[in-house]
Amino acid sequence: SPLSRQHERDADALGLTLVARACRDPSKAIRAHEQLAAIEASQSDFPDVNHPFATHPPILDRLDALRTQLPTAMEMYEQSGCTPIKYALKRAGLGSLYGDAD
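Notes on the structure in this doc start here. (Residues numbered from 1 in each chain as written. Predicted model: local features only at pLDDT ≥ 70, side-chain atom pairs only at ≥ 80, totals over all residues. Heavy atoms only, no water.)

## Quick notes on the overall build of the protein
Right, so step 1: The number of helices and strands found in the protein is four helices and zero strands.
Right, so step 2: Along its sequence from the N terminus, the protein presents helices and strands in the succession α-α-α-α.
Right, so step 3: Looking at the protein residue by residue over its 102 residues, the buried ones come to 26%.
Right, so step 4: Across the protein, contacts joining residues at least 24 apart in sequence account for 72% of those joining residues at least 6 apart.
Right, so step 5: Total accessible area on the protein stands at roughly 6800 Å², and carbon and sulfur atoms take up 58% of it. (Helix = DSSP H or I, 4+ residues; strand = E, 2+ residues; numbered from the N terminus. Buried < 20%, exposed > 50% of the residue type's maximum accessible area, 1.4 Å probe, protein only. Contact = heavy atoms within 4.5 Å. Areas by Shrake-Rupley, 256 points an atom, 1.4 Å probe, with all protein chains shown as cover.)

## Notes on the pattern of salt bridges
Right, so step 1: Per the counting criterion, the structure on display carries four salt bridges.
Right, so step 2: We note a salt bridge from Glu8 to Arg62, for which the minimum N-O separation is 3.9 Å. Here Glu8, found in helix H1 (residues 2–21), pairs with Arg62, found in helix H3 (residues 59–78); they are 54 residues apart in sequence, far enough to count as distant.
Right, so step 3: Judged by relative accessible area, Glu8 falls into the partly exposed class, the value being 23%.
Right, so step 4: A salt bridge links Arg67 to Asp64; the shortest N-O distance between them is 3.8 Å. Placement of both Arg67 and Asp64 in helix H3 is noted, with a separation of three residues, approximately one turn of the helix.
Right, so step 5: Among the charged side chains, a network of salt bridges with common partners joins Glu8, Asp12 and Arg62. (Salt bridge = Lys/Arg side-chain N within 4 Å of Asp/Glu carboxyl O.)

## Remarks on the state of the cysteines
Right, so step 1: Throughout the structure, instances matching the rule amount to one disulfide.
Right, so step 2: Between the sulfur atoms of Cys23 and its disulfide partner Cys82 the distance amounts to 1.7 Å. Since a negative S-S torsion denotes a left-handed disulfide, the Cys23-Cys82 link at about -75 degrees is left-handed. One end of the pair, Cys23, is in the loop between H1 and helix H2 (27–42); the other, Cys82, is in helix H4 (residues 82–91), with 59 residues separating them in the sequence. Both residues of the pair, Cys23 and Cys82, count as buried. (Disulfide = S-S within 2.5 Å.)

## Concerning the packing of H2 against H3
Right, so step 1: In the contact formed by H2 and H3, the axes pass within 9 Å of each other and the chain directions differ by 170 degrees. Comparing the axis directions of H2 and H3 gives the class roughly antiparallel. Mapping the contact onto sequence places Ser27, Ile30, His33, Glu34, Leu36, Ala37 and Glu40 in H2 and Ile59, Leu60, Arg62, Leu63, Leu66, Arg67, Leu70 and Met74 in H3.
Right, so step 2: Considering only residue class, the contact of H2 with H3 consists of nine nonpolar, two polar and four charged. (Axes fitted to C-alpha atoms, helices over the stretch in contact; angles between N-to-C directions. Parallel < 35°, antiparallel > 145°, perpendicular 65-115°, else oblique. Nonpolar A, V, L, I, M, F, W, Y, C, P; charged D, E, K, R; others polar.)

Below you can see the structure in the form of structure tokens.
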């Protein structure tokens, strides 16, 4: 229903904020949704997400919304004070906990 689709949009926005505050790179949410969109596009028998009874917005709409929200989330991420934490984890050999390869 349209109401539950709005809840999903709100959840996506909140998730992006929580990811940034948790010292995780919010741009990875974009990559995850891009992968999901590619999977959906590759499945010809995938149900019509634009159907009136769909509980989730179309993935491409969600992806567009996340891209719009990303600059704010990235600013929050960069100002979150995570750099010392990430540096300490890297020094301890635990940088991979935050998805950092370097």
